[in-house]
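Survey of secondary and tertiary structure
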Amino acid sequence: MFNIDGAKDNPATGTPSTAQQANDVAVTTAGNMGIGITAPTNKLHVNGTDPLRLQGVGTGSSSTDPLLVIDANGIVKNIGTLGALSIPSPAVFRLETTQSNFLQAQGAGGSQVVPMSVVKNSIPGMSYNAATSTITFPAGTYQITFVYEAIHNATGCTISSYFVDFPLNATTSRIHSTASHSEGVLSNHGGTITYATTVPANKTWTISLGRGQSGNCGGAGMQLSAPSTQVLVFRIGD
């Protein structure tokens, strides 16, 4: 075993100093290197009273670079990428201005874009075009929740039916919601539609709300409420 340090010999005796005898760096015949330990058991074995310091570490990618952890014995291990751990990353979009006569020109099966603003986006690789209300997704698995609230003043309007065409792989999946409510009163018109989905890289989705088949509301008089109308997107894995 070879011992290395930076201490100088004692000038009076020519023998190694006490600091040198502490064996700062040791290399065994098996090729294990120890820092602060005389009998290293791994290719690199560091033992010190101060925290381990790595200077000059570069910026990584949360979607492609593996994460490192340390077990109870101090062994460094790779546990995969952040995306592989399925830790949700959120994005929040919100309607800032109430939309009057929303869906007025749309019959059953028609839809209209909801002009939302991005409130928070912590999903790496996701972008949003506010001019078109269009989200561009990185590949992954998502949970999307559309929350809406409205008033409808049309006479006899007591049952509203809506749908959302959620992104699914290269196409979309239509999910309906129908609910009863009081005429002319701000209420949760069915309120929340949630869908879990997978999408490929660069999949685009325009935030829209459509008129369903089973309601008795139509024409003018609907006000889509702000700011209680929102879209919540969670990236839940690769």
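Before reading further, recall that the structure is shown in the block above.
Everything quoted here is computed from the prediction, not taken from an experiment.

Procedures and definitions
Residues numbered from 1 in each chain as written. Predicted model: local features only at pLDDT ≥ 70, side-chain atom pairs only at ≥ 80, totals over all residues. Heavy atoms only, no water. Pairing = 2+ DSSP bridges. Helix = DSSP H or I, 4+ residues; strand = E, 2+ residues; numbered from the N terminus. Axes fitted to C-alpha atoms, helices over the stretch in contact; angles between N-to-C directions. Buried < 20%, exposed > 50% of the residue type's maximum accessible area, 1.4 Å probe, protein only.

**Points about the sheet that holds strand 12 (residues 134-137)**
On the basis of which strands lie adjacent, the open sheet formed by three strands has the order 11-12-18 and antiparallel pairing. The open sheet has two edge strands with one neighbour each: strand 11 (127-129) and strand 18 (203-206). Going from strand to strand, the sheet's axes swing by 20 degrees on average, the running direction of each strand aside. Pairing geometry for strand 11 and strand 12, over three bridges, is antiparallel. Residue pairing for strand 12: Ser127 is matched across the bridge by Thr136.

**Some thoughts on the pairing of strand 18**
Along strand 18, the buried face is formed by Lys203 and Trp205; none of Thr204 and Thr206, which line the opposite face, is buried. Where strand 12 and strand 18 come together, four bridges link them in antiparallel fashion. Within strand 18, the residue paired with Thr136 across the bridge is Thr204.

So, to be careful, I would describe these as geometric facts and stop short of saying anything about function.
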